[in-house]
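Observations on the model geometry
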Amino acid sequence: MADSHIILYQGGQGEIVEKKSRFIANIFPVQNEEEALEEIARMKKKYYDARHNCFAYVIGENNETERCSDDGEPSGTAGRPMLDVLTGQGIHNAVAIVTRYFGGTLLGTGGLVRAYSGAMKEGLANCVLLKRKAGHKMSIKTDYNDIGKLQYAARKLELTELDTIYTDTVTLVLLVPDDMLEKTEKEVTERTSGRAGITCGEKLYYGISGGEIVLL
């Protein structure tokens, strides 16, 4: 599993108008192709009276599954540009449906590519994208004399403090990125002269949204 990539945390919708044609983009997070097809079917039912419901989706850690459809538009003018927006931004596990209500004026191939790409970008602007990272919860058990040193070290290393548990000892729980594990353990050992007990949890995945940690 890749340690870092962009995921669609919350879907969104966007709309643009080109020469009286409406292009409505709906973008959803999905985990597999079945979910993607369900969202496509749902949007086609919702926008049953539209001229076109084009789609694109990418599934898998390395986008093992990529599909797109022009749904009656000239070949290569809708689905492929939509797919290119997703892959160009490095997004995984997402499906996009762009609905077109024809406004009476032909846009030409170049105009269609720009319109479908533009609708996608507008839709993504209203989504929540997260950079998924790999890390571990590290629990550091120490005495009250050392906790200040450890909290200072955590700030210095720009680590997120998840919890501090006070009993007869103090346990500091940090979220440590994969590539910071060795450095953090070394820093803790040096600052406490080896007195602190370090327990490293299993690998987890997280992102940051609005300054808040989101466990994935």
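My aim in this report is to walk through the structure given alongside it, one point at a time. As the structure is a prediction and not an experimental result, all values here were calculated from the model. (Residues numbered from 1 in each chain as written. Predicted model: local features only at pLDDT ≥ 70, side-chain atom pairs only at ≥ 80, totals over all residues. Heavy atoms only, no water.)

**Focus: the sheet that holds strand β4 (residues 52-59)**
Note the threshold: We treat two strands as partners when DSSP finds at least two bridges between them. Runs of H or I in DSSP of at least four residues are treated as helices and runs of E of at least two as strands, each being numbered from the N terminus. Angles here are taken between N-to-C directions and fall from 0 to 180 degrees, while the axes themselves are lines fitted to C-alpha atoms, restricted in helices to the stretch in contact. Contact definition: two residues touch when any of their heavy atoms are within 4.5 Å.
With respect to topology, five strands assemble into an open sheet ordered β2-β3-β7-β4-β5, the strand pairing being antiparallel. Each edge of the sheet is formed by a strand with only one pairing partner; in this case those strands are β2 (12-18) and β5 (65-69). Direction aside, the axes of adjacent strands within the sheet are offset by 15° on average. One ladder, built from five bridges, connects β4 with β5; its direction is antiparallel. Counted as the bridge partner of Tyr57 is Arg67 from β5. Across the sheet, helix α1 (residues 33-46) lies against β2, β3 (21-29), β4, β5 and β7 (94-101), angled at about 165° from β4, the strand it touches most.

**Considerations on the packing of helix α4 (residues 147-156) against helix α5 (residues 181-191)**
Put simply, the rule is: Should an angle lie under 35 degrees it is considered roughly parallel, over 145 roughly antiparallel, and from 65 to 115 roughly perpendicular; all remaining angles are considered oblique. Crossings are assigned a handedness: left-handed for a near helix turned anticlockwise from the far helix by less than a right angle, right-handed for a clockwise turn.
Viewed as axis vectors pointing N to C, α4 and α5 meet at an angle of 150°, and their least axial separation amounts to 10 Å. Viewed along their axes, α4 and α5 adopt a mutual orientation that is roughly antiparallel. By crossing handedness, the relation of α4 to α5 is classed as right-handed. For the pair formed by α4 and α5, the contact residues are Lys149, Leu150, Tyr152, Ala153 and Lys156 on the first element and Glu187, Val188 and Arg191 on the second.

**Concerning the pattern of salt bridges**
We count it as follows: The salt bridge criterion pairs a side-chain nitrogen of Lys or Arg with a carboxyl oxygen of Asp or Glu, the two atoms within 4 Å. Think of it in three bands: with a 1.4 Å probe and only protein chains considered, a residue is buried below 20% of the maximum accessible area for its type, exposed above 50%, and partly exposed in between.
Counting across every chain of the model gives 11 salt bridges. Arg42 is the salt-bridge partner of Glu39, the closest N and O atoms lying 2.7 Å from each other. In this pair, Glu39 and Arg42 both sit in helix α1, three residues apart, roughly one turn of the helix. Its relative accessible area of 18% is what places Glu39 among the buried residues. One salt bridge in this structure joins Arg100 and Glu73, with 3.0 Å as the shortest N-O distance. Taken together, the residues span a long stretch of sequence, with Arg100 in strand β7 and Glu73 in the loop between β5 and α2 (79-88) at a distance of 27 residues. Classification of Arg100 as buried rests on a relative accessible area of 4%. In this structure Glu73 comes out as buried when scored by relative accessible area, which is 8%.

**Digging into the side chain of Thr184**
With respect to the helices and strands, the residue Thr184 is situated in helix α5. If we ignore the near neighbours within four places in the chain, the residues touching Thr184 are Met138, Leu157, Leu159 and Val176.

**With respect to the side chain of Arg100**
Heads up, the condition is: Two N or O atoms count as a polar contact when they lie within 3.5 Å, although within protein this holds only if one can serve as hydrogen donor and the other as acceptor, and sequence-adjacent residues are included solely when both atoms are side-chain atoms.
Within the structure, Arg100 has its side chain in polar contact with the side chain of Ser21 (distance 3.2 Å). In contact with Arg100, other than residues within four places in its own chain, are Ser21, Arg22, Phe23, Ala50, Arg51, His52, Glu73, Thr105, Leu107, Leu112 and Tyr116.

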